Amino acid sequence: MKPAIIPRPADNSLLRSRFGPLTRELVLQPADFGLGHLPDRLRPDAVTESVCGFCSTGCSLRLHLRDGAAVGLTPDPLYPVNLGMACPKGWESLAVLDAPDRATRPLLRDASGRLRPVTWGAATAAFADRFRTIQRQHGPDSLAWLGTGQIVTEELALLGAVAKFGMGIRHGDGNTRQCMATAVTAHKESFGFDAPPYTYADFEASDIIVLVGSNLCIAHPILWQRILRNRRQPEIVVIDPRRTETAMAATRHLPLRPKSDLVFFYGLARLLLDRGVVDRAYVERHTRGFTEFAAFLADFPLERTVRETGLGAAELNGLADLLADRSKRVSFWWTMGVNQSYEGVRVAQAIINLALMTGNLGRPGTGANSITGQCNAMGSRLFSNTTNLLGGREFTHPDDRAEVARILALPETLIPADNSWPYDRIIEAVDAGIIKGLWIVATNTAHSWIHQRHLRSVLGKLEFLVVQDMYHTTETAACADLVLPAAGWGEKEGTFINSERRIGRTRKVRRAPGEALADFAILHLLGEAWGCGEHFRRWSSPEAVFQLLKKLSAGRPCDFSGIRDYRHLEDALGIQWPYPKFNASSEERERRLFSDGRFFHQDGRARFIFELPRPAPEAPDREYPFILLTGRGTSAQWHTQSRTAKSAVLRKLYPEKIYIEVHPDDTRDLGMAAGDAVEVRSRRGALVATLHPTTTVQPGQVFLPMHYAETNRLTHPSFDPYSRQPAYKSC
Ligand code: SF4
């Protein structure tokens, strides 16, 4: 493979125009890297760039190549996202590719129950034979797939197209259901399309930054660095039950009771209403439903908010006074503390309502902004062909189906007219014996799904489980009947879409080990084995698929038909959608949405959406007196640790064994001490964790990091009714 070497503007004028003189300090020239000291075998002979494959921040990494293969990396100093920074996961991106437990050959379970190596021919034949037999015997609902936000958009689109249009597998969803479904639903209902409105520069242009359920320092450390670059001396307000690393660094922390957030935001809106802090002109011109919302807020007086959130009246009034200053730019940012809730959609919309009523949308430093989790959750949301038809369309709309069929030159009859079942419904259908064959791609369901004991018993009911993954040792791969070895980040080509809608390029800089193949190639092989390969001849390479995706995006809110090709993405340092063919200005480097006040509903107006709060599905009682909170542990850990646990450097940055954070008052009452091994039980299971007394949790609450395999033994399977996202955060 011959890597491209990308020319950069010699005077860095692009960055200077965007970030001002500050950036000059960060812009390094190749000679500044000081690579001369490296031994010969590591001294690069070329350099290329690739967007990181862990989180949705979408940092660019500069890969140092020798004989065409990456031997090291440094953060890209020119990329407008990370400006020369990377978190520990990014720095260790190459190390995790070298793990000894990489899946290198297809494995098929034999009659004795053992997984044995087979050829790709035997593996793809087994896939097609077993799945076709199940489909023939049990009907079209008997197969499903679960995808991911971790593979490139081109592969996600091919997966969804081959599965649904080629193989007739009706039901598919992805692990994005576990992180972003709530934000997706909130955006669609409030804005008319799943469209996070912001650009990262808003972190630097804001006067008041309100972080809700977001431990940015840990979960999105480079975005925290962007806040630190803000020269406006911003107020940083953290709304979170825990005194997280971010709360400690904030100017204000409001430690509300877990899951009292809906009352909190309605109470705050009421305080703003009482202060007359409503941008009437904005509300009248650009929204619908404010009169009803204002009447609804009558039920949320200060006394109720104090009583239900546990916060003091002075704290609440203080925040309302802060937000009442109309001269300030206010931005609201939320992540999993909101999304992973049984009423997360309404909480997200309560945040959107605040931005709408105060006119804090569409201007620099403002917005109701959901921060995404996985590196390509945004690509998955637009093109995975699971619960949305390609390009954010609807399966149930005949015009949408006809348009997709025309663009892809497919018979319209191949496009189903019904929506897929969401993830939880797929698991229920396996449990009920309706789904008998399941294909899991690049996600670790047996570790990450809520109420793990139940999930594992459900997987055991499948007649055929296929797992396509980089590693053959994940908890899910261990349950598989067929393991398909996949290439990882750095071993294949494509694009990711980050949190701020920036499409960025990721590249092949290593050969996948053994017989592992890019998911793109695996999908083509499976399509051929199934007999539907002729439908996907035009999907001949990732870049050919990118050209199809451009066509699928044209005329949609996510239109990026103006992007010429991969080379254009590289030269422009990533491009945010929308970037339509005829209106895109190459000078316009920041694409913030809604600057004209027009939203994506047909009437162009955003909606105020609200609903009465509901009690938490599982409240503490005498038998189970603590509330369990879960979340990210450190910036060195990623989700189920299939990858991050493979790096010796990253492993040094977090405790090897699961630990539980408990308030010292509670540990004293329980007669326990730091370092004790304690049993933690919920109604669904138990685990043993090392006790870590800390005042970062409130009395009566305990915290477990999500990354350890044991954590989901305890979590409660409740779901937001609109987004079907699991409520991991509290039980
Ligand atoms: Fe950047 Fe996220 Fe990669 Fe860290 S994991 S380097 S923050 S993209």
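All of these numbers come straight from a predicted model, not from anything done at the bench.

A look at the pairing of strand 14 (residues 437-441)
Taking burial as the measure, the five residues of strand 14 include five buried ones, the bulk of the element. Here strand 14 shows two buried faces, one formed by Gly437, Trp439 and Val441 and the other by Leu438 and Ile440. Here five bridges tie strand 14 to strand 15 (residues 464-469), and the two strands are oriented parallel to one another. Counted as the bridge partner of Gly437 is Phe464 from strand 15.

A look at the site of the ligand
Around the ligand, the neighbouring residues are Cys52, Phe54, Cys55, Thr57, Gly58, Cys59, Ala86, Cys87, Lys89, Gly90 and Ile222. Across the shell around the ligand, the residue classes tally to seven nonpolar, three polar and one charged.

Regarding the environment of Asp676
One can find Asp676 in the loop between helix 27 (664-670) and strand 23 (677-682). By relative accessible area, which is 30% here, Asp676 ends up partly exposed. Here the alpha-carbon distance between Asp676 and Val688, two residues 12 residues apart in the chain, equals 9.8 Å. Look past the residues within four positions of Asp676 in its chain and what remains in contact with it is Ala689, Thr690 and Leu691. Separated by 2.8 Å, the side chain of Asp676 and the backbone nitrogen of Ala673 make a polar contact.

A short note on the sheet that holds strand 3 (residues 69-75)
The sheet built from three strands is open, its strands ordered 1-2-3 with antiparallel pairing. At either margin of the open sheet sits one strand with a lone partner, and together these are strand 1 (46-51) and strand 3. Taken over all neighbouring pairs, the strand axes of this sheet differ in orientation by 35° on average, direction set aside.

Quick notes on the sheet that holds strand 17 (residues 491-497)
Two pairing modes exist for strands in a sheet, parallel and antiparallel, and in both the strands are linked by backbone hydrogen bonds. Across the sheet, three strands lie side by side as 17-18-19; this open sheet has antiparallel pairing. Strands at the two margins of the open sheet, each flanked by one partner only, are strand 17 and strand 19 (575-576). Pairing analysis gives two bridges linking strand 18 (residues 502-508) to strand 19, with the strands arranged antiparallel. In the sheet register, Arg502 faces strand 19, and the bridge partner there is Gln576.

Regarding the side chain of Thr305
Assignment of secondary structure puts Thr305 in helix 14 (residues 302-309). The contact partners of Thr305, leaving out residues within four places of it in the chain, are Val263, Phe264, Gly267, Phe300, Gly310 and Leu316.

Some points on the packing of aromatic side chains
Across all of its chains, the model carries 31 aromatic pairs by this definition. On the numbers, 6.1 Å between centres and 80° between planes, the contact of Tyr659 with Tyr708 is edge-to-face. Highlighted residues: Tyr659 in strand 22 (residues 659-662) and Tyr708 in the segment after strand 25 (701-705), separated in sequence by 49 residues. For the pair Tyr659 and Tyr708, a shared accessibility class is recorded, and that class is buried. One aromatic cluster is present, built from ring pairs that chain together Tyr266, Phe290, Phe293, Phe296, Phe300, Phe608 and Phe610. Over the ring of Trp577 we find Arg501; its NZ or CZ atom is 5.5 Å from the centre of that ring. We note Lys646 situated over the ring of Tyr471; from NZ or CZ to the ring centre the distance is 3.7 Å.

What about the environment of Asp261?
When you line up the elements, Asp261 lands in helix 11 (residues 261-274). Given the relative accessible area of 7%, Asp261 is considered buried. Residues Asp261 and Pro617 lie 356 residues apart in sequence; the distance between their C-alpha atoms is 15 Å. Ignoring anything within four residues of it in the chain, the contact list for Asp261 reads Leu256, Gly337 and Val347.

Concerning helix 11
Taking 1.5 Å as the rise per residue, helix 11 with 14 residues should run 20 Å; its terminal C-alpha atoms sit 20 Å apart, in good agreement. The buried fraction of helix 11 is high, at 12 of 14 residues. In the stretch just after helix 11, Gly276 is the one whose phi turns positive, near 75°.

Looking at the packing of helix 11 against helix 17 (residues 344-357)
Across the interface, helix 11 lies against helix 17 with an axial gap of 9 Å and an inter-helix angle of 15°. It follows from the interaxial angle that helix 11 and helix 17 lie roughly parallel. Relative to helix 17, the crossing made by helix 11 is left-handed. Contacts between helix 11 and helix 17 pair Asp261, Leu262, Phe265, Tyr266, Leu268, Ala269, Leu272 and Leu273 from the former with Arg346, Val347, Ala350, Ile351, Leu354 and Met357 from the latter. Class assignment of the residues belonging to the contact of helix 11 with helix 17 gives a composition of 12 nonpolar, no polar and two charged.

Quick word on the nonpolar core
Residues Phe165, Phe264, Leu408, Trp439 and Trp577 are the most contacted members of the largest nonpolar core, which totals 130 residues. Apart from residues no more than four positions distant in its own chain, Leu408 is found in contact with Phe165, Leu390, Arg538, Trp539, Leu548 and Leu552. With 42 residues, the next largest nonpolar core counts Leu97, Tyr200, Leu211 and Val238 among its residues.

Here's the deal with the packing of helix 4 (residues 120-138) against helix 23 (residues 519-530)
Running from N to C, helix 4 and helix 23 cross one another at 55°; their axes reach a closest spacing of 9 Å. Overall, the two elements helix 4 and helix 23 adopt an arrangement that is oblique. The two elements helix 4 and helix 23 cross, and the hand of that crossing is right-handed. Across the interface between the two elements, Trp120, Thr124, Phe127, Ala128, Phe131, Arg132 and Gln135 of helix 4 pack against Ile522, Leu525, Leu526, Ala529 and Trp530 of helix 23. Across the contact of helix 4 with helix 23, the residue classes break down as nine nonpolar, two polar and one charged.

A short note on the state of the cysteines
Summed over the entire model, instances satisfying the criterion amount to zero disulfides. Unpaired in terms of disulfides, Cys731 finds its nearest cysteine sulfur in Cys179, a separation of 20 Å.

A closer look at the environment of His692
Locating His692 in the fold gives a position in strand 24 (residues 685-693). Since its relative accessible area comes to 38%, His692 is described here as partly exposed. For the pair formed by His692 and Ala673, sequence separation is 19 residues and the distance between their alpha carbons is 8.1 Å. Sequence-distant contacts of His692, that is, excluding residues within four places in its chain, are made with Ile660, Glu661 and Val662.

Some points on the side chain of Asn353
Along the chain, Asn353 falls in helix 17. A relative accessible area of 0% places Asn353 in the buried class.

Quick look at the pattern of salt bridges
Counted by the stated rule, this structure contains 43 salt bridges. Among the ionic pairs, Asp603 bridges to Arg288, the shortest N-O distance being 2.6 Å. One end of the pair, Asp603, is in the loop between strand 19 and strand 20 (606-607); the other, Arg288, is in strand 11 (residues 287-288), with 315 residues separating them in the sequence. Overall, the relative accessible area of 42% leaves Arg288 in the partly exposed class. Here Glu679 makes a salt bridge to Arg681, at a shortest N to O gap of 3.5 Å. The structure contains a network of salt bridges with shared partners spanning Glu493, Arg505, Arg507 and Glu570.

Calculation criteria
- Residues numbered from 1 in each chain as written.
- Predicted model: local features only at pLDDT ≥ 70, side-chain atom pairs only at ≥ 80, totals over all residues.
- Heavy atoms only, no water.
- Buried < 20%, exposed > 50% of the residue type's maximum accessible area, 1.4 Å probe, protein only.
- Helix = DSSP H or I, 4+ residues; strand = E, 2+ residues; numbered from the N terminus.
- Pairing = 2+ DSSP bridges.
- Near = heavy atom within 4 Å.
- Nonpolar A, V, L, I, M, F, W, Y, C, P; charged D, E, K, R; others polar.
- Contact = heavy atoms within 4.5 Å.
- Polar contact = N/O pair within 3.5 Å; in protein donor to acceptor, adjacent residues only side chain to side chain.
- Axes fitted to C-alpha atoms, helices over the stretch in contact; angles between N-to-C directions.
- Phe/Tyr/Trp six-rings, centres within 6.5 Å; stacked < 30°, edge-to-face > 60°.
- Lys NZ or Arg CZ within 6 Å of the ring centre and 35° of its normal.
- Expected span 1.5 Å × (residues − 1).
- Parallel < 35°, antiparallel > 145°, perpendicular 65-115°, else oblique.
- Left-handed = near helix turned anticlockwise from the far one by under 90°.
- Core = buried A, V, L, I, M, F, W, Y, C linked by side-chain atoms within 4.5 Å.
- Disulfide = S-S within 2.5 Å.
- Salt bridge = Lys/Arg side-chain N within 4 Å of Asp/Glu carboxyl O.

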